[in-house]
Amino acid sequence: MKPLLFIAFALILASCTKKNPNPELSDAIYMDLQEELSIADKALEEETKNLASLQKEKDAVVPQTGQVKYALKKVEDSLAKIDRLKQQKQFFEISLETRKHLVAERYEESLTEGGRPWPDEAEIADYRAIIKIQREKIAYDKVQGMRKYVPRGTTEPASAPSPSKH
């Protein structure tokens, strides 16, 4: 019975030193990029559906009434938005692939003596600070002061600071 316990204990200890085959799945930045890719993908699907409905509206417009110009403008705007969303989707796909390779290198480095810690909390904090600034859409009005709009990927408005009175 004792040899069996010893073998089981040795197997448990040996399995603890296995490398993680997918270290990117434990990386917060990689997971955030995946969320951004899914948001861009959903927005692209919605806009392609919207384009189909705009095309039908354009075809239903009575010629020589002035409405054709507005319908064509809506279709052109939708096509431009689809192009931007395709570019955005491609950007996130490339960013994911790049991050995956970087994470693999950093994970291997963390396994060596004196290597960087994994995951690197300082890098994640810097990334979150940059993303927070990029996502906040801020406008300044002379009367109301600073206003924040709805951040990308959310439905509720960001908390706006009270207007400053000088």
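Because the structure is a prediction, the values reported are computed rather than measured.

Conventions and cut-offs
- Residues numbered from 1 in each chain as written.
- Predicted model: local features only at pLDDT ≥ 70, side-chain atom pairs only at ≥ 80, totals over all residues.
- Heavy atoms only, no water.
- 1 Å grid on protein atoms, 1.4 Å probe; cavity = no way out; pocket = protein on both sides within 12 Å on 5 of 7 lines; lining within 4 Å.
- Points joined across faces, edges and corners; volume = space filled by probe spheres on them.
- Nonpolar A, V, L, I, M, F, W, Y, C, P; charged D, E, K, R; others polar.
- Salt bridge = Lys/Arg side-chain N within 4 Å of Asp/Glu carboxyl O.
- Helix = DSSP H or I, 4+ residues; strand = E, 2+ residues; numbered from the N terminus.
- Buried < 20%, exposed > 50% of the residue type's maximum accessible area, 1.4 Å probe, protein only.
- Core = buried A, V, L, I, M, F, W, Y, C linked by side-chain atoms within 4.5 Å.
- Expected span 1.5 Å × (residues − 1).

J.: Quick one: what's the story with empty space enclosed by the protein, residue by residue and with numbers?
T.: Summed over the entire model, instances satisfying the criterion amount to 1 cavity of 30 Å³ or more. Looking at the largest cavity, its volume works out to about 30 Å³. Lining the largest cavity, in full, are R106, R116, P117, W118 and D120. The residue inventory of the lining of the largest cavity, partitioned by class, reads 2 nonpolar, no polar and 3 charged.

J.: I'd like to hear about the pattern of salt bridges, residue by residue, with values.
T.: Close approach of charged atoms allows side chains of opposite charge to pair. Overall, the coordinates contain 8 salt bridges when judged by the stated rule. In this structure, E108 engages K19 in a salt bridge whose closest nitrogen and oxygen atoms are separated by 3.3 Å. Taken together, the residues E108 in helix α3 (residues 67-111) and K19 in the loop between α1 (2-15) and α2 (28-60) connect sequence positions 89 residues apart. Since its relative accessible area comes to 38%, E108 is described here as partly exposed. Notably, a salt bridge pairs R106 with E123, separated by 2.8 Å at the nearest N-O pair. Pair noted here: R106 is in helix α3 and E123 is in helix α4 (residues 121-135), with a separation of 17 residues, a long-range link. Residues R106 and E123 agree in their burial class; the two are buried. Ionic contacts of the salt-bridge type, sharing partners, join the residues D27, R99, R106 and E123 into one network.

J.: Any details on the nonpolar core? Residues and values, ideally.
T.: Counting residues in hydrophobic clusters, the biggest one holds 10 residues: I29, Y30, L33, L37, A40, F92, L96, I124, Y127 and I131. At the level of elements, α2, α3 and α4 are the ones that each hand at least two residues to this core. The element that contributes the greatest number of residues to this core is α2, accounting for 5 residues. One finds L44, L51, I82 and L85 within the second-largest nonpolar core, a separate group that totals 6 residues.

J.: Go over α2, please, and point to the residues and values.
T.: For α2, with 33 residues, the first-to-last C-alpha span of 48 Å sits near the 48 Å given by 1.5 Å per residue. Turning to α2, its buried residues are I29, Y30, D32, L33, E36, L37, A40, L44, E47, L51 and L54.

Scope: geometric values only; no functional claims are made or implied.
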